[in-house]
Amino acid sequence: MKQSPADRQAFERMMPGVITAQGFLGKDVRSPDRIIAEDELLFRELGLDFDTVADRLEELARKGEEGLGEPITVGKLLIQSGEARGKLPCPWGDGFFHKNAVSVSPADIPLEACAEGEDMLIYSELSIHMLRAHHFCQGRGSPFRLEPALLKQLLF
Amino acid sequence: MSPILVGPLAVGAISTVLALIIAVLDKVLNNYGEVEISINGGEKKLKVKGGSPLLGTLAAEGIFVPSACGGRGTCGACKCKVLTDVGPHLPTELPYMSPADIKENIRLSCQVKVRKNLEIELPRELFSIKKYRTRVEKIRSVTHDIKEVLFALESGEIEFQAGQYVQLVVPPYGEIKESVQRAYSMSSVPSGRRHVELLIRLVPGGIATTWVHKYLKEGDAVELVGPFGEFHVHDTPAAMICVAGGSGMAPFKSMFYHLYESNAFPEKEIWYFFGARTGKDMFYVDELRALQEKWPRFHFVPALSEPAAEEHWQGETGLITDVLDRYLQHSIPRSEKGWEGYLCGSPGMINACIAVMRKNGITEDKIYYDKFA
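Here the structure is a predicted model, which is why all the values come from computation and not from measurement. (Residues numbered from 1 in each chain as written. Chains lettered and ligands numbered in written order. Predicted model: local features only at pLDDT ≥ 70, side-chain atom pairs only at ≥ 80, totals over all residues. Heavy atoms only, no water.)

A. Summary view of the overall build of chain B. Looking only at helices and strands, one finds eight helices and 17 strands in chain B. For chain B, the residues scored as buried account for 50% of the 373 residues in total. The contacts of chain B with a sequence gap of at least 6 include a subset with a gap of at least 24, amounting to 67%. Accessible surface computed for chain B: about 17500 Å², of which carbon and sulfur atoms make up 54%. A gap of 4 Å separates the mean positions of the 42 positive and 44 negative side-chain charges of chain B. (Helix = DSSP H or I, 4+ residues; strand = E, 2+ residues; numbered from the N terminus. Buried < 20%, exposed > 50% of the residue type's maximum accessible area, 1.4 Å probe, protein only. Contact = heavy atoms within 4.5 Å. Areas by Shrake-Rupley, 256 points an atom, 1.4 Å probe, with all protein chains shown as cover. Lys, Arg positive; Asp, Glu negative; His and termini not counted. Charge placed at Lys NZ, Arg CZ, Asp CG, Glu CD.)

B. Region of the structure containing the sheet that holds strand β3 (residues 79-82) of chain B. Residue and element names in this part refer to chain B. With mixed pairing, the five strands of this open sheet are ordered in space as β2-β1-β5-β3-β4. At either margin of the open sheet sits one strand with a lone partner, and together these are β2 (44-49) and β4 (106-108). Each strand of the sheet is rotated relative to its neighbour by a mean of 40°, with strand direction disregarded. Where β3 meets strand β5 (residues 118-121), two bridges bridge the pair, whose relative direction is antiparallel. Within the sheet, the bridge partner assigned to Lys81 lies in β5 and is Glu121. (Pairing = 2+ DSSP bridges. Axes fitted to C-alpha atoms, helices over the stretch in contact; angles between N-to-C directions.)

C. Quick look at the domain arrangement of chain B. As far as domains go, chain B holds domain 1 (34-126), domain 2 (129-228) and domain 3 (239-371). Each of domain 1 of chain B and domain 3 of chain B has a C-alpha centre, and the two are 38 Å apart. (Domains from an automatic or database assignment.)

D. Main features of the pairing of β3(B). All names here are of chain B. Burial along β3 is one-sided: Cys80 and Val82 are buried, while Lys79 and Lys81, pointing the other way, are not. Bridge count for β3 against β4 is three bridges, and the pairing is antiparallel. Residue Lys81 lies in a different strand from β4, and its bridge partner there is Ile106.

E. Looking closely at the pattern of salt bridges. All names here are of chain B. Overall, the coordinates contain 32 salt bridges over all chains when judged by the stated rule. Among the ionic pairs, Asp145 bridges to Arg201, the shortest N-O distance being 3.3 Å. Residue Asp145 is located in the loop between β6 (130-141) and β7 (146-153), and its partner Arg201 is located in strand β10 (residues 195-201); the two are separated by 56 residues in the primary sequence. Accessibility expressed as a relative area gives 7% for Asp145, which makes it buried. (Salt bridge = Lys/Arg side-chain N within 4 Å of Asp/Glu carboxyl O.)

F. The arrangement of the interface of chain B and chain A in detail. Between chain B and chain A, the residue contacts involve 36 residues of the former and 35 residues of the latter. Summing both partners gives a buried area of about 2800 Å² for chain B against chain A, and 56% of it is carried by carbon and sulfur. Where A:Glu70 meets B:Arg201, a salt bridge forms, and the shortest distance between an N and an O atom there is 3.0 Å. On the surface where chain B and chain A come into contact, there are eight residue pairs in polar contact (both at pLDDT 80 or more). Elements that contribute at least two residues to the side of chain B that touches chain A include exactly β13 (270-276), α7 (320-330) and α8 (347-359) of chain B. By residue number, the principal contributor to the side of chain B that touches chain A is α8(B), which donates four residues. Along the lines of polarity and charge, the residues of the side of chain B that touches chain A split into 18 nonpolar, 11 polar and seven charged. (Buried area = accessible area lost by both parts, 1.4 Å probe. Polar contact = N/O pair within 3.5 Å; in protein donor to acceptor, adjacent residues only side chain to side chain. Nonpolar A, V, L, I, M, F, W, Y, C, P; charged D, E, K, R; others polar.)

Below, the structure written as structure tokens:
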């Protein structure tokens with residue numbers, strides 16, 4: 001697949017140290033366009049829709065804010081909403097997003113026993129935007145990866 | 001030579017030549033020589049090598065402008081006024097600039113390159129900020145996700161006001177290839193000038209907090225930069241109504257023990273509301289209750305929002321804002337001395353507390369806070 005110049009520039013900005021120290025690709029050796037294509041396939045197989053997932057993540061983030069910085073139980077989930085100073089640009093250059101980190105995990109598992117990416121989702125305003133607008137879940141090994149199977153398991 | 005190798009070798013050779021040309025051009029075109037940075041109308045003048053961002057150039061000269069993102073232009077903390085024309089604001093700066101900032105030529109110092117003589121303005125307080133080399137003397141888990149870390153200064157002393165913060169310099173580790181800095185309020189008392197104590201809560205996915213919780217060991221060398229911040233006890237007789245949760249405990253611990261040991265502002269009554277979710281998220285309870293016993297003007301109100309039944313929690317329950325509201329309405333005596341609000345926590349928690357305090361008659365100009373964001 002031939003990359004557009006916009007995609008190529010976005011992928012360069014996903015590397016560690018450009019927008020964030022960790023970058024967006026984790027330990028994934030796949031190219032970002034391949035990550036997107038394979039996650040789109042996984043979404044279809046799991047019956048997930050990018051807009052619906054993004055809406056649900058936004059809804060949970062709002063509920064998490066009611067904990068006033070402390071974790072809060074919402075149904076079967078434990079949500080913690082934390083905020084940091086500043087804004088992050090989207091690698092595709094289509095907006096700036098408030099820096100925050102929302103964690104979502106099963107309420108019946110102690111927070112300290114949850115492993116990121118296995119039974120805990122971590123996301124930000126930028127994660128939701130990239131999911132909705134670019135179908136980008138981030139690379140495997142990125143702490144902020146929105147693993148499709150985990151999205152299905154926790155959110156629906 | 002195999003024809004299969006010719007292509008890759010040719011591409012490699014061309015790339016090497018191009019890289020060399022770029023390196024030579026960079027040396028020639030980006031050599032700005034020595035330039036002068038004049039600060040606050042010549043109060044300080046620095047002779048520096050041009051070509052680097054202003055933030056790093058100042059840091060190399062021992063002037064530390066606060067920054068939380070390592071100069072990537074994503075925190076907006078490193079604002080300063082540039083009087084010299086250095087061109088229009090960059091797209092990376094604009095999200096942090098109000099129309100007034102743009103008119104005043106306030107810039108992000110991490111985004112402005114020092115290419116010629118510059119005149120800038122900086123708050124004078126920044127001149128007293130230093131970088132300290134320390135050793136980690138003690139690490140203690142105070143909850144399952146908060147560590148109390150005590151740093152011993154390797155030389156010199158630190159002077160600060162209770163409530164101020166330092167920037168923790170996190171070195172490259174694991175997959176993190178560059179140093180980053182993050183701000184943490186000091187929980188130690190100003191009189192302990194050879195030590196700094198921080199309370200650091202593990203944030204899932206957080207670079208600095210992961211390093212502290214999973215990599216940092218007693219005996220490690222760590223750099224701290226500071227002190228920064230305007231959060232401090234105000235010299236009035238008004239009662240302090242303090243609210244925090246989680247690691248927001250830090251500046252208050254420093255303030256309370258400083259007030260206790262110095263008996264400063266003896267007219268001030270102090271009410272401290274501390275919220276956590278469950279008993280395992282609560283900490284320093286015995287210590288603060290002991291302080292309350294021996295210090296009559298200190299009143300400690302810990303509260304749990306989701307206490308587990310088996311914890312048999314005897315204290316207040318509910319969101320800390322609800323507990324605060326109840327106390328302001330029914331328990332805290334009103335006097336002509338008035339009330340002042342002191343808050344430390346997430347923007348959401350601070351905004352919710354401000355609403356409760358305003359509803360109960362504390363005007364916004366008497367509410368002081370240290371937002372985590």
